[in-house]
Amino acid sequence: MASLSERAKADEMAGNLKAKGFPAFVEAAEVNGKTYFRVRVGPRQERKDIDALAASVRDKTTSYFLHVRAPGGQLAITRYRVLRRQGKRALVAHLGVVVGAHPVVLPAAFAIDVDGPDPDGTLYVHGSVAAGWLRAATDATVCVTVTELDGLVAGRSAFHHSMNYRSAVVIGPARLVEDDDERRHALDLIVDHMIPGRSATLRASTRKELAATAVLAVPLHEASMKARAGAPVDEPEDVAAGIWGGHIPLRRVASAPVSDPDADGPVPADVVRRAACL
């Protein structure tokens, strides 16, 4: 369910799951000399039982799974697949870092490399080398969030109004990418995250451009997923009173690409495909 750096928070999450009737427990793990506390639910031995437990947790909580382990240790649903799915759809990440005496949260283009060099994979963001937030984030613990808004939930009371969403939160030490090959790879991933296949159609970045661009890498090791979907969860007496409740689904729609006045030729196929699938 989650991998947390604080035992108290892991125990609290496990306790909440137990209160809902789930067999939750906390397991400590050492990664690069640091202890993490992983909240798990289970175990179940049969595939059908694993699927049933996963569906039950999904229906009764707002958390996505980070791990669902099948017998023998095989990962049935992994954090990597969940993050890949979430990261593929979302377009903007928000990075939070303390700059001087106050926190700052800024939007950033991003990409996820589940096979990246950091523990459990890498999330990349980039910015100008002159940006104060980027300098402050280097070697500091940062929080990166990626959220997709799916709907507005109109409950039968103010308390039960909500939103439908999918959200990923990654917390970890931000590493300045100094290796030239990794930096080029990360920048290509960020471009391709915006428009898949685009980087292969572009000229190579110049030394001046690379010198002006910094890339931060955040490990995916400490990550959590949350989501909400569907109708409001109202009090029975409010439902019986006949008050309307429901939700307004939201979706993102892209218009047709607009060519720059100086552009030659038709809109490239990769741009057309991207606009069509957003």
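We now turn to the structure provided with this report. Since we're looking at a predicted model, the values are computed, not measured.

The rules behind the values
Residues numbered from 1 in each chain as written. Predicted model: local features only at pLDDT ≥ 70, side-chain atom pairs only at ≥ 80, totals over all residues. Heavy atoms only, no water. Helix = DSSP H or I, 4+ residues; strand = E, 2+ residues; numbered from the N terminus. Polar contact = N/O pair within 3.5 Å; in protein donor to acceptor, adjacent residues only side chain to side chain. Buried < 20%, exposed > 50% of the residue type's maximum accessible area, 1.4 Å probe, protein only. Arc of directions from axis to C-beta. Pairing = 2+ DSSP bridges. Patch = residues over 30% accessible without salt bridge, like charges linked within 9 Å, V, L, I, M, F, W, Y side chains within 5 Å. Areas by Shrake-Rupley, 256 points an atom, 1.4 Å probe, with all protein chains shown as cover. Salt bridge = Lys/Arg side-chain N within 4 Å of Asp/Glu carboxyl O. Expected span 1.5 Å × (residues − 1). Core = buried A, V, L, I, M, F, W, Y, C linked by side-chain atoms within 4.5 Å.

**With respect to the side chain of H193**
When you line up the elements, H193 lands in helix α5 (residues 180-194). In this structure the side chain of H193 is engaged in a polar contact, spanning 2.7 Å, whose partner is the backbone oxygen of A90.

**Considering helix α8 (residues 269-277)**
By the burial criterion, the buried members of α8 are D270, V271, R274 and A275. Along the axis of α8, the buried positions cluster into a sector of 130°, meaning they face one direction only. For α8, the exposed residues lying more than 90 degrees away from the buried face are R273 and A276.

**Structural notes on the sheet that holds strand β12 (residues 175-176)**
The four strands lie next to each other as β8-β9-β13-β12, forming an open sheet whose pairing is antiparallel. This sheet does not close on itself; its edge strands, each paired only once, are β8 (110-113) and β12. Sheet topology note: the β12/strand β13 (residues 213-219) ladder contains two bridges and is antiparallel. Paired with L176 across the bridge in β13 is L216.

**Quick notes on a nonpolar patch on the surface**
On the surface, a nonpolar cluster with roughly 410 Å² of combined accessible area is contributed by L149, L152, M163, I248 and L250. By relative accessible area, M163 is classed as partly exposed at 43%.

**Some points on helix α1 (residues 7-19)**
In a regular helix each residue adds 1.5 Å, so 13 residues correspond to 18 Å; α1 covers 18 Å between its end C-alpha atoms and thus fits that length. Among all positions of α1, only A10, M13, A14 and L17 are buried. For α1, the buried positions fall inside an angular range of 95° around the axis, keeping them on one side. Those residues of α1 that are exposed and aimed more than 90 degrees away from the buried face are A8, E12 and A19. Among the residues trailing α1, G21 stands out with phi positive, at a value near 95°.

**What to know about the pattern of salt bridges**
Under the criterion given, the structure shown has nine salt bridges. Across the salt bridge formed by R7 and D11, the nearest N and O atoms sit 3.0 Å from each other. Of this pair, R7 and D11 are both found in helix α1, four residues apart, which corresponds to roughly one turn of the helix. On the basis of relative accessible area, R7 is assigned to the partly exposed category, the value being 38%.

**So, the nonpolar core**
With 22 residues, the main nonpolar core has L95, V125, W133, V142, V144 and L216 as its most contacted residues. Counting residues per element, the ones that place at least two in this core are β6 (93-99), β9 (122-128), α4 (132-137), β10 (141-154) and β13. By size, the runner-up hydrophobic cluster in this structure holds 11 residues, among which are A10, A24, L53 and V57.

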